[in-house]
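Close look at the chain arrangement
Residues per chain, in single letters:
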Amino acid sequence: MPKISLKGQQMPESPIRKLVPYAEIAKKKGHKVYHLNIGQPDIKTPEVALNAVKNADITVLEYSHSAGFESYRNKLAAYYQKQGLPINTADIIITTGGSEALLFAMGSTMDAGDEIIIPEPFYANYNGFSTASGVNVVPVISTIDTGFALPPIADFEKLITPKTKAILICNPGNPTGYLYSKEEIMQLAELVKKHDLFLIADEVYREFAYDGYTHHSVMNVEGLEEHAIMIDSVSKRFSMCGARIGCIVSKNKEVMATAMKFAQARLSPPTYAQIASEAALDTPQSYFDDVITEYKDRRDTLIAELNKIEGVKVATPKGAFYCIAKLPVKNADDFAQWLLESYDFNGETVMVAPAAGFYSTKGVGLDEVRIAYVLKKEDLIKSVQILKEALKAYNN
């Protein structure tokens with residue numbers, strides 16, 4: 001039989017999605033499963049976006065420009081400028097989700113065998129994108145004890161080698177919900193300038209900042225124009241995960257010209273999804289105000305309930321809609337599977353994402369899970385109650 005590629009063998013499974021077969025079995029048994037495992041918001045997609053697709057007068061579904069609709073890029077640039085970011089139409093290439101933007105960023109800045117430093121825990125697919133690009137992830141560990149704050153710059157510096165090409169951050173963070181301060185962003189900016197590296201910032205959760213904290217973009221740092229690459233997406237901002245529309249943004253003309261070659265190779269981003277995404281930019285501020293209020297309430301509810309469980313430790317997120325919880329178990333993978341395969345509380349159970357898959361350092365995060373607070377408050381309270389009873393049963 002022909003052999004599978006080494007790259008294919010090395011591609012990691014998604015810690016978010018690998019337990020889906022067990023969830024399906026639980027549902028076939030008649031159990032209700034509360035999905036805390038995936039960042040799929042239950043917030044309604046703006047009607048203006050859905051209506052734009054319904055009302056689109058299209059007789060031929062053509063290719064779009066490889067960089068995406070010019071009208072969309074113009075409108076997106078105006079949206080960023082309104083947020084105080086000096087981004088122009090020429091600085092933007094529309095991609096098929098933030099995922100493709102990350103692949104374009106890695107493909108444009110790194111060769112096989114090069115290294116990228118990422119504070120962990122990090123979005124699990126960074127491992128997959130790096131493997132697909134032949135790039136080696138060099139992790140720098142942040143801890144629950146500091147709320148997953150930026151590790152000391154000295155920890156980054158000692159990891160830099162001639163193979164290091166970039167530092168990648170997610171801000172606010174998936175899976176931690178940590179929001180980097182202006183000081184932390186400036187520290188990273190100085191570091192990449194000193195060592196002539198790229199700073200890639202995944203900013204797809206920009207709007208989700210709580211408690212009066214402000215998001216600080218890498219695109220707003222003076223003197224970082226040649227180093228900064230921003231990744232963005234409509235998935236979370238407008239609750240449009242299925243649209244698969246994102247973008248890569250940079251002032252570095254060489255980076256953008258190179259990313260354009262990757263964009264041409266995949267032809268063009270999807271037309272209907274761009275129509276929806278362009279229209280979504282007309283969403284009123286009141287939509288975001290309501291969404292932020294809702295997520296903050298959910299966060300406060302979840303953290304308060306988790307803190308009631310003996311042996312559970314959790315850091316309060318400042319942004320996004322995730323948290324990492326340390327559980328009184330040795331192996332969260334085993335526990336998460338057991339929850340679906342062998343446990344129910346009054347016919348209900350929960351699905352969580354084992355956090356070891358959000359690290360690249362072996363043996364780290366084994367007793368942690370990522371929880372997405374994308375369910376209504378009553379469901380979050382019920383989910384944590386199930387988790388509490390499950391931990392008792394599992395440990396006995």
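Residues numbered from 1 in each chain as written. Predicted model: local features only at pLDDT ≥ 70, side-chain atom pairs only at ≥ 80, totals over all residues. Heavy atoms only, no water.

For the protein, an unreviewed UniProt entry supplies the name Aminotransferase and the organism Flavobacterium cauense R2A-7. UniProt, in the comment section headed Sequence similarities (unreviewed entry), describes the protein in these words: "Belongs to the class-I pyridoxal-phosphate-dependent aminotransferase family." The protein has a UniProt comment under Cofactor (unreviewed entry) that states "pyridoxal 5'-phosphate". (UniProt positions renumbered as here; feature names shortened; annotations may be inferred.)

1. A word on helix α8 (residues 182-195)
An ideal rise of 1.5 Å per residue puts 20 Å on 14 residues; α8 measures up with 20 Å between its terminal C-alpha atoms. E184, I185, L188, A189, L191 and V192 are the residues of α8 that are buried. All buried residues of α8 project into a common sector of 165° when viewed along the axis, lining one side. Those residues of α8 that are exposed and aimed more than 90 degrees away from the buried face are E183 and K194. Close packing links the buried residues of α8 with α7 (153-157), β5 (164-170) and β6 (198-202). Taken from the residues just after α8, D196 is the one with a positive phi, measuring 55°. (Helix = DSSP H or I, 4+ residues; strand = E, 2+ residues; numbered from the N terminus. Expected span 1.5 Å × (residues − 1). Buried < 20%, exposed > 50% of the residue type's maximum accessible area, 1.4 Å probe, protein only. Arc of directions from axis to C-beta. Contact = heavy atoms within 4.5 Å.)

2. Some remarks on the sheet that holds strand β8 (residues 246-249)
In spatial order, the strands read β2-β8-β7-β6-β5-β3-β4; together these 7 strands make up an open sheet with mixed pairing. Bordering the open sheet on either side are β2 (92-95) and β4 (136-141), each of which pairs with just one other strand. Averaged over all neighbouring strand pairs, the angle between strand axes comes to 25°, with direction disregarded. Contacting β2, β6, β7 (228-233) and β8, helix α9 (residues 253-265) runs over the sheet at an angle of about 25° to β2. (Pairing = 2+ DSSP bridges. Axes fitted to C-alpha atoms, helices over the stretch in contact; angles between N-to-C directions.)

3. Points about the sheet that holds strand β12 (residues 353-354)
Reading across from one edge, β9-β10-β13-β12 is the order of the 4 strands in this open sheet, with antiparallel pairing throughout. Either end of the sheet is taken by a strand with one partner, and the two such strands are β9 (313-314) and β12. Sheet analysis places β12 next to strand β13 (residues 368-372), joined by 2 bridges and oriented antiparallel. Paired with A353 across the two strands is R370, which belongs to β13.

4. Section: the packing of helix α4 (residues 70-82) against helix α10 (residues 271-280)
Two elements in contact, α4 and α10, have axes separated by 10 Å at closest approach and are oriented at 30°. When the axes of α4 and α10 are compared, the pair comes out roughly parallel. Of the two elements, α4 crosses α10, and the hand of that crossing is left-handed. Between α4, through S71, Y72 and K75, and α10, the contact on the second element is made entirely by Q274, S277, E278 and A279. The residue makeup of the contact of α4 with α10, split by class, is 2 nonpolar, 3 polar and 2 charged. (Parallel < 35°, antiparallel > 145°, perpendicular 65-115°, else oblique. Left-handed = near helix turned anticlockwise from the far one by under 90°. Nonpolar A, V, L, I, M, F, W, Y, C, P; charged D, E, K, R; others polar.)

5. What about the environment of G242?
Residue position: G242 is located in the loop between β7 and β8. For G242, a relative accessible area of 73% puts it in the exposed group.

6. Quick look at the environment of D155
Within the secondary structure, D155 is located in helix α7. Once the C-alpha coordinates of D155 and G212 are considered, the two residues, 57 residues apart in sequence, prove to be 29 Å apart.

7. Some points on the environment of D114
In this structure, D114 sits in the loop between α5 (97-109) and β3 (115-120). What makes D114 buried here is its relative accessible area of 5%. Distance in space between the C-alpha atoms of D114 and V135 is 5.3 Å, their sequence separation being 21 residues. A polar contact is formed between the side chain of D114 and the backbone nitrogen of D111, at a distance of 2.7 Å. (Polar contact = N/O pair within 3.5 Å; in protein donor to acceptor, adjacent residues only side chain to side chain.)

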